[in-house]
Every structure is written in structure tokens, then in C-alpha cells.
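Read off the chains here:
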Amino acid sequence: MAVGRSVPWLCALLLLLAAWVDLVLGVAPCDVTEYQPEDSNLCCRLCPAGQYVFKPCRVNHTAGECRVCEPGTFLAFPNGEPTCQRCIQCREGDQEVVAKCSPTSDRQCQCKKGSFYCNSVDCVENCLRCKRCPGVVLSPCNATSNTVCATETDRGRPENKRGSEFLVPWVTVSVILAVAVIVGIYWYKKKGRLVPVSPGEASSAGAQQWTLGAKRSLTGTFSLL
Ligand SMILES: *[C@@H]1O[C@H](CO)[C@@H](O)[C@H](O)[C@H]1NC(C)=O
Ligand SMILES: *[C@@H]1O[C@H](CO)[C@@H](O)[C@H](O)[C@H]1NC(C)=O
């Protein structure tokens with residue numbers, strides 16, 4: 001409660017102090033659209049953005065002489081500055097210009113798109129070189145973010161996927177063929193057995209026999225065709 005009641009008093013005291021400081025230091029109570037030239041008690045109107053104070057005013061609350069910033073310099077805000085700020089230079093090697101230097105705005109540089117990037121305060125001095133992907137690029141390098149490569153597993157996937165698309169029918173066909181061959185062999189073997197052979201020969205020469213049988217049934221089939 002005591003603190004709350006003392007606040008207005010404190011404010012008043014501070015204002016009084018400020019006024020006193022102004023009086024002692026000779027700070028003129030200039031408007032926000034004005035500035036006080038050094039070593040004077042005058043209030044001069046600010047020069048507009050893009051211009052600097054060539055000569056301060058001599059009559060209170062008037063504009064002095066403002067001049068447009070020289071090429072390569074700028075002032076972005078209304079001001080009472082005696083000189084303009086020099087525009088920054090883009091680094092030759094790793095930067096490119098994205099906004100020209102004008103009297104009212106600074107030049108803007110960014111890392112050379114596609115070759116360099118900068119994504120933190122760590123690369124203010126030098127842009128970082130973009131990563132090159134050994135395989136698939138998920139997102140290309142730009143001024144503010146590095147290349148995103150597909151990871152080892154990701155990289156293989158699209159190719160594998162493509163491969164498996166081809167592989168699946170082949171596996172299916174192979175399985176069908178294998179089954180057909182086995183069924184065929186079984187069938188021919190059965191047919192081959194019909195060829196009269198001695199029991200001893202049956203096992204050892206079985207292969208030959210069913211081949212013969214197969215040949216016979218094949219020729220039979222072909223002759224039928
Ligand atoms: C200029 O104007 C300000 C504010 O109105 C005043 O405080 C200051 O004394 C004036 N300066 C002169 C030289 O009259
Ligand atoms: C740069 O790339 C990142 C991610 O790929 C994206 O989020 C960002 O918007 C891009 N920036 C520019 C300026 O293109």
C-alpha cells in the first residue's frame with residue numbers, strides 16, 4: 001500500500017529531476033520531429049531518410065540544409081546526422097547482392113545461392129559451403145539452409161523400390177516356372193516309370209529313364225500337335 005501511494009510522488013520527483021538536468025545541461029525540449037545540433041540551444045527539423053544534415057538550422061524550429069546521401073551511403077530514417085552511413089559490401093567469394101544500396105536503404109547480401117549458405121550466427125563472417133549429396137537430394141541448398149540429402153537408408157530406397165517393382169513379377173514368374181517344372185518333372189518321371197526297366201536300374205538310371213520318358217511324351221505331345 002505504502003509503495004503504491006508513493007509511486008506518483010516518485011514519478012513527479014523523476015520528472016522534476018529530468019527538468020533540472022535539462023536546464024543544467026542546456027538540453028532543449030525539442031519535438032520528436034526535431035533534433036538539437038551540437039553546441040546549440042536550437043531545435044532543428046530532422047532531415048528526411050536518404051538525406052543528411054549539411055548545415056543545421058540557424059532559426060529555432062526550422063529545417064537546416066539537408067543533402068541527399070552520396071552514392072554508396074544511406075540513412076534509413078529521418079535524422080540529424082551530419083554524414084550518411086556507408087553501405088555494406090557483399091563479399092566477392094561467397095555472397096551475392098539481393099538488395100541494392102540506395103540513399104534510404106543499405107545493400108543486402110546473402111550467401112551465394114546453391115553454393116553457400118548460412119543458418120546461424122556462426123557463419124556471419126563466412127558462408128558455409130553447401131553439402132553435395134552422393135545420391136538423392138531431398139531439398140536443394142539455398143542461402144539460409146544446407147542441402148538435405150537422403151540418408152543412407154533413404155538413398156537406397158527409391159532405387160530398391162524401383163528394383164523391387166521389377167523384382168516382384170520376376171519372382172512370381174520364377175516361382176510359377178519352378179512349380180511348373182517340378183510338376184512337369186514329377187509328371188514325366190511318372191510317365192518314364194512306365195518304360196519297362198529292371199528294378200536295379202530304376203534308381204540309378206531313373207533320371208535317364210524319365211528323361212527318355214519325357215522325351216517320348218514330349219515327342220508324343222509334339223506329334224499330337
Ligand atoms: C528553441 O525552442 C525550444 C523549445 O521550444 C526552447 O526550449 C529553446 O530555448 C529555443 N531556443 C532558442 C535559441 O530560442
Ligand atoms: C530454404 O530452404 C528451406 C528448406 O529447404 C526452406 O524452408 C526455406 O524457406 C528456403 N528459403 C528460401 C529463402 O528459399
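This structure is a prediction, so every number in the text was calculated from the model and none was measured.

Student: Describe the overall build of the protein, and please don't skip the residues or the numbers.
Tutor: A count of helices and strands for the protein gives 4 helices and 12 strands. Per-residue burial over the protein gives 14% buried out of 225 residues.

Student: Give a description of the environment of Lys 100 that names residues and reports values.
Tutor: Inspection of the secondary structure assignment puts Lys 100 in the loop between strand 7 (95–99) and strand 8 (108–111). Exposure remark for Lys 100: the 10 C-beta atoms within 10 Å place this residue in the exposed category. Remark: the alpha-carbon pair of Lys 100 and Gly 72, spanning 28 residues in sequence, is separated by 9.5 Å.

Student: Summarise the nonpolar core; cite the residues concerned and give the values.
Tutor: Counting residues in hydrophobic clusters, the biggest one holds 12 residues: Tyr 35, Cys 44, Leu 46, Cys 47, Tyr 52, Val 53, Cys 66, Cys 69, Phe 74, Leu 75, Cys 84 and Cys 87. Excluding anything up to four places from it in sequence, Leu 75 contacts Ala 49, Gly 50, Gln 51, Tyr 52, Cys 69, Glu 81, Cys 84 and Gln 85. One finds Tyr 117, Cys 127, Cys 130 and Ala 143 within the second-largest nonpolar core, a separate group that totals 8 residues.

Student: Provide a residue-level description of the UniProt feature "domain: TNFR-Cys" (unreviewed entry) in the protein, including the pertinent values.
Tutor: Here, the residues flagged by UniProt with the feature "domain: TNFR-Cys" (unreviewed entry) are residues 68–109 and 110–149. Spanning residues 110–149, this segment combines 0% helix with 28% strand, and its end C-alpha atoms are found 22 Å apart.

Student: Give a detailed account of unusual backbone geometry, specifying residues and quantitative values.
Tutor: Most peptide bonds take the trans configuration, and most residues that are not glycine carry a negative phi. For Asp 39, which is not a glycine, the phi torsion comes out positive at approximately 55°. Here Asp 39 is to be found in the loop between strand 1 (34–35) and strand 2 (44–45). Despite not being glycine, His 61 has its phi angle at roughly 65°, a positive value.

Student: Break down the environment of Thr 62 for me, with residues and values.
Tutor: Along the chain, the position of Thr 62 falls in the loop between strand 3 (51–55) and strand 4 (65–68). Setting aside its immediate chain neighbours within four residues, Thr 62 contacts Cys 44, Arg 45 and Cys 57.

Student: Explain the environment of Cys 118 to me, using residue names and the numbers behind them.
Tutor: Relative to the assigned elements, Cys 118 resides in the loop between strand 9 (116–117) and strand 10 (128–129). The exposure class assigned to Cys 118 is buried, which follows from the 20 C-beta atoms found within 10 Å. Apart from the residues lying within four places of it in its own chain, the contact partners of Cys 118 are Cys 111, Cys 123, Cys 127, Leu 128 and Thr 144.

Student: Describe the confidence of the model for the protein, and please don't skip the residues or the numbers.
Tutor: Here the protein shows a mean pLDDT of 76. Residues at 70 or above account for 57%. The low-confidence segment residues 158–165, where pLDDT is below 50, has 1 contact with residues more than four positions distant or belonging to other chains.

Conventions used here
- Residues numbered from 1 in each chain as written.
- Chains lettered and ligands numbered in written order.
- Predicted model: local features only at pLDDT ≥ 70, side-chain atom pairs only at ≥ 80, totals over all residues.
- Helix = DSSP H or I, 4+ residues; strand = E, 2+ residues; numbered from the N terminus.
- Buried ≥ 20, exposed ≤ 12 C-beta atoms within 10 Å, placed from the backbone.
- Core = buried A, V, L, I, M, F, W, Y, C linked by C-beta atoms within 7 Å.
- Contact = placed C-beta atoms within 7 Å.
- UniProt positions renumbered as here; feature names shortened; annotations may be inferred.
- pLDDT = per-residue confidence, 0-100.

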